[in-house]
Amino acid sequence: MLGRAATAGAADAGAAGDAGGARRAQQLPLITKAIPSTGERLPAVGLGTDKFGNSERAAIQDEIARMQQLGGSVIDTSADYGESEGVVGDVLAALGIRGRMFVATKLVASGGRFFGADIGGRPSFERSLARLRTRRVDLLQVHNLDGVDTLMPLMQQLKRAGQIRYIGITTSEVDQHADMVGYMRRYPLDFVQVDYSIANRAAAMDVLPLARERRIAVLINVPFGYGSTIEQAESRRLPAWAADIDVTSWGQFLLKYVISHPAVTCAIPGSTQTRHLVDNQGAARGRLPDAAMRRRMEQFWDNA
Ligand SMILES: NC(=O)c1ccc[n+]([C@@H]2O[C@H](COP(=O)([O-])OP(=O)(O)OC[C@H]3O[C@@H](n4cnc5c(N)ncnc54)[C@H](OP(=O)(O)O)[C@@H]3O)[C@@H](O)[C@H]2O)c1
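Residues numbered from 1 in each chain as written. Predicted model: local features only at pLDDT ≥ 70, side-chain atom pairs only at ≥ 80, totals over all residues.

### Concerning the pairing of strand β7 (residues 164-170)
Regular strands show a simple pattern: their side chains alternate between the two faces of the sheet. The element β7 is extensively covered by neighbouring structure, given that seven of its seven residues are classed as buried. For strand β6 (residues 137-142) and β7, the ladder comprises five bridges, and the chain directions are parallel. Counted as the bridge partner of L139 is Y166 from β7. Handedness of the crossover is the feature at issue here: the chain leaves β6, passes through helix α6 (residues 148-160), returns alongside β7, and the resulting connection is right-handed. (Buried ≥ 20, exposed ≤ 12 C-beta atoms within 10 Å, placed from the backbone. Helix = DSSP H or I, 4+ residues; strand = E, 2+ residues; numbered from the N terminus. Pairing = 2+ DSSP bridges. Right-handed = clockwise from strand over helix to strand, strands pointing away.)

What follows is the structure in C-alpha coordinates.
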(Lines give C-alpha, C1' and ligand atoms only; values in the text may rest on other atoms or scores of the structure.)
Protein backbone atom coordinates (compact mmCIF):
# COMPACT_ATOMS: atom_id res chain seq x y z
CA MET A 1 0.00 0.00 0.00
CA LEU A 2 2.70 2.50 0.95
CA GLY A 3 4.76 1.74 -2.13
CA ARG A 4 1.79 2.39 -4.41
CA ALA A 5 0.96 5.61 -2.61
CA ALA A 6 4.53 6.85 -2.79
CA THR A 7 4.74 6.22 -6.53
CA ALA A 8 1.44 7.98 -7.18
CA GLY A 9 2.59 10.88 -5.00
CA ALA A 10 5.77 11.42 -6.96
CA ALA A 11 3.89 11.63 -10.25
CA ASP A 12 1.08 13.79 -8.92
CA ALA A 13 3.24 16.25 -7.03
CA GLY A 14 5.43 16.72 -10.07
CA ALA A 15 2.44 17.39 -12.29
CA ALA A 16 1.08 19.87 -9.78
CA GLY A 17 4.32 21.85 -9.99
CA ASP A 18 5.58 21.56 -6.40
CA ALA A 19 8.93 23.13 -5.57
CA GLY A 20 11.97 21.21 -6.81
CA GLY A 21 13.07 20.27 -3.27
CA ALA A 22 9.72 18.68 -2.48
CA ARG A 23 9.74 16.84 -5.81
CA ARG A 24 13.21 15.45 -5.21
CA ALA A 25 12.24 14.41 -1.66
CA GLN A 26 9.42 12.28 -3.05
CA GLN A 27 11.89 10.14 -4.97
CA LEU A 28 13.57 9.14 -1.68
CA PRO A 29 12.46 6.09 0.32
CA LEU A 30 9.56 6.56 2.74
CA ILE A 31 10.52 6.32 6.43
CA THR A 32 8.19 4.01 8.36
CA LYS A 33 8.25 2.91 11.99
CA ALA A 34 6.74 -0.18 13.63
CA ILE A 35 4.02 -0.10 16.28
CA PRO A 36 5.67 -2.31 18.91
CA SER A 37 2.48 -4.09 20.05
CA THR A 38 1.73 -5.45 16.55
CA GLY A 39 4.63 -4.73 14.20
CA GLU A 40 2.32 -2.76 11.86
CA ARG A 41 4.34 -0.02 10.17
CA LEU A 42 3.29 3.62 9.94
CA PRO A 43 4.81 6.42 7.87
CA ALA A 44 6.78 8.62 10.28
CA VAL A 45 5.01 11.92 9.54
CA GLY A 46 1.24 12.38 9.81
CA LEU A 47 -1.14 15.30 10.25
CA GLY A 48 -2.63 17.12 13.26
CA THR A 49 -6.08 18.61 12.71
CA ASP A 50 -7.05 20.69 15.72
CA LYS A 51 -7.46 23.82 13.56
CA PHE A 52 -9.66 22.12 10.93
CA GLY A 53 -13.01 23.86 10.45
CA ASN A 54 -15.92 23.77 8.01
CA SER A 55 -14.94 27.00 6.30
CA GLU A 56 -11.68 25.48 5.02
CA ARG A 57 -13.26 22.22 3.84
CA ALA A 58 -12.10 22.46 0.20
CA ALA A 59 -8.53 23.30 1.19
CA ILE A 60 -8.53 20.46 3.74
CA GLN A 61 -9.76 18.00 1.13
CA ASP A 62 -6.89 19.06 -1.13
CA GLU A 63 -4.45 18.72 1.77
CA ILE A 64 -5.57 15.24 2.84
CA ALA A 65 -5.66 14.02 -0.77
CA ARG A 66 -2.10 15.25 -1.17
CA MET A 67 -0.98 13.57 2.04
CA GLN A 68 -2.30 10.23 0.87
CA GLN A 69 -0.61 10.69 -2.52
CA LEU A 70 2.69 11.42 -0.77
CA GLY A 71 2.52 8.26 1.35
CA GLY A 72 1.28 9.74 4.67
CA SER A 73 -1.56 8.02 6.52
CA VAL A 74 -1.78 9.09 10.18
CA ILE A 75 -4.47 11.69 10.96
CA ASP A 76 -4.94 12.86 14.56
CA THR A 77 -8.21 14.49 15.65
CA SER A 78 -10.35 14.68 18.80
CA ALA A 79 -13.95 14.80 19.96
CA ASP A 80 -12.95 18.17 21.36
CA TYR A 81 -11.54 19.82 18.22
CA GLY A 82 -14.74 21.60 17.20
CA GLU A 83 -15.61 20.68 13.60
CA SER A 84 -12.42 18.70 12.98
CA GLU A 85 -13.80 15.14 13.26
CA GLY A 86 -16.75 15.96 10.98
CA VAL A 87 -14.54 17.59 8.36
CA VAL A 88 -12.05 14.70 8.44
CA GLY A 89 -14.88 12.14 8.15
CA ASP A 90 -16.55 13.93 5.25
CA VAL A 91 -13.26 14.45 3.40
CA LEU A 92 -12.17 10.82 3.77
CA ALA A 93 -15.60 9.67 2.56
CA ALA A 94 -15.52 12.08 -0.41
CA LEU A 95 -12.03 10.92 -1.37
CA GLY A 96 -12.92 7.26 -0.74
CA ILE A 97 -9.69 6.71 1.22
CA ARG A 98 -10.88 5.94 4.78
CA GLY A 99 -9.50 2.38 4.51
CA ARG A 100 -6.03 3.63 3.61
CA MET A 101 -5.69 6.10 6.46
CA PHE A 102 -4.81 5.56 10.12
CA VAL A 103 -7.36 7.66 12.03
CA ALA A 104 -6.71 8.56 15.67
CA THR A 105 -9.22 10.40 17.82
CA LYS A 106 -9.67 11.20 21.52
CA LEU A 107 -12.22 11.35 24.28
CA VAL A 108 -12.45 12.22 27.96
CA ALA A 109 -14.41 10.59 30.79
CA SER A 110 -18.05 11.50 31.18
CA GLY A 111 -18.10 14.80 33.05
CA GLY A 112 -14.41 15.16 32.24
CA ARG A 113 -12.54 18.20 33.44
CA PHE A 114 -11.03 18.96 30.04
CA PHE A 115 -11.88 22.47 28.97
CA GLY A 116 -14.66 22.53 26.38
CA ALA A 117 -15.60 18.81 26.49
CA ASP A 118 -19.39 18.63 26.23
CA ILE A 119 -19.75 14.83 26.41
CA GLY A 120 -17.49 11.98 27.45
CA GLY A 121 -17.15 8.19 27.58
CA ARG A 122 -19.19 5.98 25.26
CA PRO A 123 -21.52 8.75 23.97
CA SER A 124 -18.44 10.70 22.91
CA PHE A 125 -17.01 7.66 21.14
CA GLU A 126 -20.32 6.97 19.34
CA ARG A 127 -20.42 10.60 18.21
CA SER A 128 -16.82 10.29 16.96
CA LEU A 129 -17.76 7.24 14.86
CA ALA A 130 -20.72 9.13 13.36
CA ARG A 131 -18.71 12.27 12.64
CA LEU A 132 -15.81 10.30 11.20
CA ARG A 133 -18.26 8.24 9.12
CA THR A 134 -16.56 5.03 10.10
CA ARG A 135 -17.34 1.83 12.02
CA ARG A 136 -14.03 1.76 13.85
CA VAL A 137 -11.15 4.07 14.60
CA ASP A 138 -7.56 2.92 14.47
CA LEU A 139 -6.49 4.60 17.70
CA LEU A 140 -8.64 5.91 20.57
CA GLN A 141 -6.80 8.10 23.08
CA VAL A 142 -7.70 9.60 26.44
CA HIS A 143 -7.30 13.33 25.82
CA ASN A 144 -4.96 15.11 28.24
CA LEU A 145 -5.06 12.11 30.64
CA ASP A 146 -8.57 13.20 31.60
CA GLY A 147 -10.23 10.11 33.08
CA VAL A 148 -7.70 7.37 32.26
CA ASP A 149 -8.75 5.06 35.13
CA THR A 150 -12.44 5.53 34.33
CA LEU A 151 -12.07 5.06 30.58
CA MET A 152 -9.65 2.12 30.46
CA PRO A 153 -12.32 -0.64 30.92
CA LEU A 154 -14.45 0.94 28.14
CA MET A 155 -11.46 1.21 25.82
CA GLN A 156 -10.45 -2.39 26.43
CA GLN A 157 -14.04 -3.46 25.72
CA LEU A 158 -14.10 -1.41 22.48
CA LYS A 159 -10.83 -3.01 21.44
CA ARG A 160 -12.11 -6.53 22.09
CA ALA A 161 -15.26 -5.67 20.08
CA GLY A 162 -13.12 -4.50 17.13
CA GLN A 163 -14.39 -0.91 17.31
CA ILE A 164 -10.90 0.41 17.96
CA ARG A 165 -7.58 -1.15 17.04
CA TYR A 166 -5.25 0.56 19.52
CA ILE A 167 -5.51 2.23 22.94
CA GLY A 168 -3.61 5.39 23.84
CA ILE A 169 -3.35 8.40 26.16
CA THR A 170 -2.20 11.94 25.40
CA THR A 171 -0.67 15.01 26.93
CA SER A 172 0.94 18.14 25.55
CA GLU A 173 2.14 19.48 28.92
CA VAL A 174 5.50 18.71 30.52
CA ASP A 175 3.74 19.04 33.90
CA GLN A 176 1.69 15.93 33.04
CA HIS A 177 4.64 13.72 32.09
CA ALA A 178 4.98 12.23 35.59
CA ASP A 179 1.31 11.21 35.55
CA MET A 180 1.69 9.82 32.04
CA VAL A 181 4.63 7.70 33.17
CA GLY A 182 2.47 6.31 36.01
CA TYR A 183 -0.27 5.28 33.55
CA MET A 184 2.32 3.75 31.21
CA ARG A 185 3.43 1.49 34.06
CA ARG A 186 -0.14 0.63 35.10
CA TYR A 187 -1.95 -0.14 31.83
CA PRO A 188 -1.24 -2.17 28.66
CA LEU A 189 -1.14 0.83 26.32
CA ASP A 190 -0.45 0.56 22.59
CA PHE A 191 0.30 4.28 22.18
CA VAL A 192 1.15 7.45 24.03
CA GLN A 193 1.02 10.91 22.47
CA VAL A 194 3.33 13.52 23.95
CA ASP A 195 4.88 16.95 23.28
CA TYR A 196 8.46 16.84 22.05
CA SER A 197 10.58 19.10 19.85
CA ILE A 198 14.14 20.31 19.52
CA ALA A 199 13.10 23.26 21.71
CA ASN A 200 11.23 21.07 24.24
CA ARG A 201 13.21 17.92 25.00
CA ALA A 202 11.70 16.99 28.38
CA ALA A 203 9.98 13.87 27.01
CA ALA A 204 13.41 12.42 26.15
CA MET A 205 14.10 12.29 29.90
CA ASP A 206 10.92 10.53 31.01
CA VAL A 207 8.18 9.40 28.59
CA LEU A 208 10.32 8.33 25.63
CA PRO A 209 12.75 5.98 27.44
CA LEU A 210 9.83 4.28 29.22
CA ALA A 211 7.95 3.92 25.93
CA ARG A 212 10.93 2.02 24.54
CA GLU A 213 11.23 -0.14 27.60
CA ARG A 214 7.51 -0.99 27.64
CA ARG A 215 7.21 -1.25 23.86
CA ILE A 216 4.61 1.50 23.50
CA ALA A 217 4.27 3.42 20.21
CA VAL A 218 4.68 7.21 20.39
CA LEU A 219 2.94 10.00 18.49
CA ILE A 220 4.56 13.42 18.84
CA ASN A 221 2.31 16.47 19.06
CA VAL A 222 3.27 20.16 18.79
CA PRO A 223 6.60 19.38 17.04
CA PHE A 224 6.72 23.07 15.98
CA GLY A 225 5.79 24.46 19.42
CA TYR A 226 2.35 25.49 18.09
CA GLY A 227 4.18 27.35 15.33
CA SER A 228 6.50 29.41 17.57
CA THR A 229 9.51 27.07 17.21
CA ILE A 230 9.35 27.11 13.44
CA GLU A 231 8.98 30.90 13.43
CA GLN A 232 12.07 31.14 15.63
CA ALA A 233 13.94 28.75 13.32
CA GLU A 234 13.04 30.65 10.19
CA SER A 235 14.99 33.70 11.37
CA ARG A 236 18.17 31.61 10.87
CA ARG A 237 19.83 30.16 7.81
CA LEU A 238 19.47 26.39 7.47
CA PRO A 239 22.96 24.87 7.94
CA ALA A 240 24.55 23.43 4.78
CA TRP A 241 25.05 20.05 6.50
CA ALA A 242 21.24 19.62 6.67
CA ALA A 243 21.60 18.26 3.12
CA ASP A 244 23.41 15.24 4.63
CA ILE A 245 20.07 14.11 6.08
CA ASP A 246 18.02 15.12 3.01
CA VAL A 247 16.60 18.20 4.74
CA THR A 248 15.71 21.23 2.61
CA SER A 249 13.63 23.34 5.03
CA TRP A 250 13.31 24.21 8.70
CA GLY A 251 10.08 22.23 8.93
CA GLN A 252 11.94 19.13 7.78
CA PHE A 253 14.87 19.86 10.11
CA LEU A 254 12.56 20.04 13.14
CA LEU A 255 10.59 16.95 12.11
CA LYS A 256 13.62 14.81 11.30
CA TYR A 257 15.02 15.63 14.74
CA VAL A 258 11.78 14.40 16.33
CA ILE A 259 11.23 11.23 14.29
CA SER A 260 14.87 10.14 14.59
CA HIS A 261 14.41 9.54 18.32
CA PRO A 262 14.33 5.72 18.52
CA ALA A 263 11.15 5.70 20.64
CA VAL A 264 9.16 7.87 18.23
CA THR A 265 6.72 6.23 15.83
CA CYS A 266 5.17 9.24 14.09
CA ALA A 267 5.07 13.05 14.38
CA ILE A 268 1.74 14.80 13.76
CA PRO A 269 2.50 18.43 12.81
CA GLY A 270 -0.62 20.56 12.45
CA SER A 271 -1.03 22.28 9.11
CA THR A 272 -3.95 23.94 7.40
CA GLN A 273 -1.95 24.81 4.28
CA THR A 274 -1.13 22.21 1.63
CA ARG A 275 2.29 23.79 0.98
CA HIS A 276 3.16 23.15 4.64
CA LEU A 277 1.90 19.58 4.42
CA VAL A 278 4.01 18.90 1.32
CA ASP A 279 7.04 20.35 3.11
CA ASN A 280 6.37 18.22 6.20
CA GLN A 281 5.82 15.03 4.22
CA GLY A 282 9.30 15.61 2.79
CA ALA A 283 10.62 14.88 6.29
CA ALA A 284 9.25 11.33 6.00
CA ARG A 285 11.71 10.63 3.17
CA GLY A 286 15.41 9.88 2.87
CA ARG A 287 18.06 9.69 5.55
CA LEU A 288 17.38 9.97 9.29
CA PRO A 289 19.86 11.67 11.63
CA ASP A 290 22.00 9.24 13.67
CA ALA A 291 22.95 9.92 17.30
CA ALA A 292 25.93 12.11 16.34
CA MET A 293 23.83 14.14 13.91
CA ARG A 294 21.13 14.57 16.55
CA ARG A 295 23.73 16.06 18.91
CA ARG A 296 24.93 18.37 16.15
CA MET A 297 21.35 19.54 15.55
CA GLU A 298 20.86 20.20 19.28
CA GLN A 299 24.12 22.14 19.52
CA PHE A 300 23.21 24.22 16.48
CA TRP A 301 19.82 24.96 17.98
CA ASP A 302 21.17 25.74 21.46
CA ASN A 303 23.89 28.06 20.13
CA ALA A 304 21.44 30.38 18.39
N1 LIG B 1 -3.15 17.05 24.34
C2 LIG B 1 -3.23 16.66 23.08
O3 LIG B 1 -3.66 15.56 22.82
C4 LIG B 1 -2.75 17.57 21.98
C5 LIG B 1 -2.38 18.89 22.28
C6 LIG B 1 -1.93 19.70 21.23
C7 LIG B 1 -1.88 19.19 19.92
N8 LIG B 1 -2.28 17.92 19.66
C9 LIG B 1 -2.25 17.36 18.28
O10 LIG B 1 -0.98 17.69 17.72
C11 LIG B 1 -1.17 18.38 16.49
C12 LIG B 1 -0.01 19.33 16.25
O13 LIG B 1 -0.02 20.41 17.17
P14 LIG B 1 -0.34 21.92 16.71
O15 LIG B 1 -0.99 21.86 15.38
O16 LIG B 1 -1.07 22.59 17.82
O17 LIG B 1 1.09 22.60 16.67
P18 LIG B 1 2.40 22.39 15.76
O19 LIG B 1 2.26 21.19 14.90
O20 LIG B 1 3.58 22.47 16.65
O21 LIG B 1 2.41 23.73 14.85
C22 LIG B 1 1.38 24.03 13.96
C23 LIG B 1 1.71 25.38 13.31
O24 LIG B 1 2.86 25.22 12.47
C25 LIG B 1 2.57 25.72 11.18
N26 LIG B 1 3.28 24.87 10.21
C27 LIG B 1 3.04 23.56 9.92
N28 LIG B 1 3.92 23.10 9.01
C29 LIG B 1 4.72 24.14 8.69
C30 LIG B 1 5.82 24.28 7.80
N31 LIG B 1 6.28 23.26 7.09
N32 LIG B 1 6.41 25.51 7.69
C33 LIG B 1 5.95 26.55 8.43
N34 LIG B 1 4.93 26.48 9.31
C35 LIG B 1 4.31 25.27 9.44
C36 LIG B 1 1.07 25.62 11.01
O37 LIG B 1 0.65 26.56 10.04
P38 LIG B 1 -0.62 26.35 9.05
O39 LIG B 1 -1.79 25.91 9.88
O40 LIG B 1 -0.77 27.72 8.47
O41 LIG B 1 -0.27 25.32 7.99
C42 LIG B 1 0.61 25.93 12.44
O43 LIG B 1 0.56 27.32 12.66
C44 LIG B 1 -2.54 19.05 16.65
O45 LIG B 1 -3.10 19.44 15.40
C46 LIG B 1 -3.30 17.95 17.35
O47 LIG B 1 -3.74 16.99 16.41
C48 LIG B 1 -2.70 17.09 20.68
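### Topic: the site of the ligand
Neighbouring the ligand are 29 residues; G48, S172, N221, G251 and G270 lie closest to it. Considering each element in turn, the shell around the ligand owes the most residues, three residues, to helix α11 (residues 274-282). Partitioned by chemical class, the residues of the shell around the ligand number seven nonpolar, 18 polar and four charged. (Near = placed C-beta within 6 Å. Nonpolar A, V, L, I, M, F, W, Y, C, P; charged D, E, K, R; others polar.)

### A short note on the packing of helix α3 (residues 57-70) against helix α4 (residues 84-95)
α4 packs onto α3 with a crossing angle of 60° between their chain directions and a minimal axis gap of 10 Å. Of the possible angle classes, the one that applies to α3 and α4 is oblique. Crossing geometry of α3 relative to α4 is assigned as right-handed. For the pair formed by α3 and α4, the contact residues are R57, I60, Q61, I64 and A65 on the first element and V87, V91, A94 and L95 on the second. (Axes fitted to C-alpha atoms, helices over the stretch in contact; angles between N-to-C directions. Parallel < 35°, antiparallel > 145°, perpendicular 65-115°, else oblique. Left-handed = near helix turned anticlockwise from the far one by under 90°. Contact = placed C-beta atoms within 7 Å.)

### Section: the nonpolar core
If you look at the biggest cluster of nonpolar residues, it comprises 81 residues, and the most contacted ones within it are V192, V218, I220, L254, V258, I259 and A267. The element that contributes the greatest number of residues to this core is helix α10 (residues 250-259), accounting for seven residues. Excluding residues that lie within four positions of it along the chain, L254 makes contacts with S197, I198, P223, F224, T229, I230 and A233. (Core = buried A, V, L, I, M, F, W, Y, C linked by C-beta atoms within 7 Å.)

### Comments concerning the sheet that holds strand β10 (residues 266-267)
Where strands meet in a sheet, backbone hydrogen bonds hold them as pairs that are either parallel or antiparallel. One open sheet holds the eight strands; their spatial order is β3-β4-β5-β6-β7-β8-β9-β10, and the pairing between them is parallel. Both edges of this open sheet fall to β3 (47-48) and β10, since each of them pairs with a single strand only. By the bridge criterion, four bridges tie strand β5 (residues 102-107) to β6 in an arrangement that is parallel. When the sheet's bridge partners are listed, T105 is paired in β6 with L140.

### Topic: unusual backbone geometry
The phi dihedral of R133 falls on the positive side, at around 55°, and the residue is not glycine. Summarising the element assignment, R133 is placed in the loop between α5 (121-132) and β6. Unusually for a residue other than glycine, R215 sits at a positive phi of about 55°. Inspection of the secondary structure puts R215 in the loop between α8 (207-214) and β9 (217-221). A count of 13 C-beta atoms within 10 Å places R215 in the partly exposed class.

Keep in mind that these numbers describe shape and distance, not what the molecule does.
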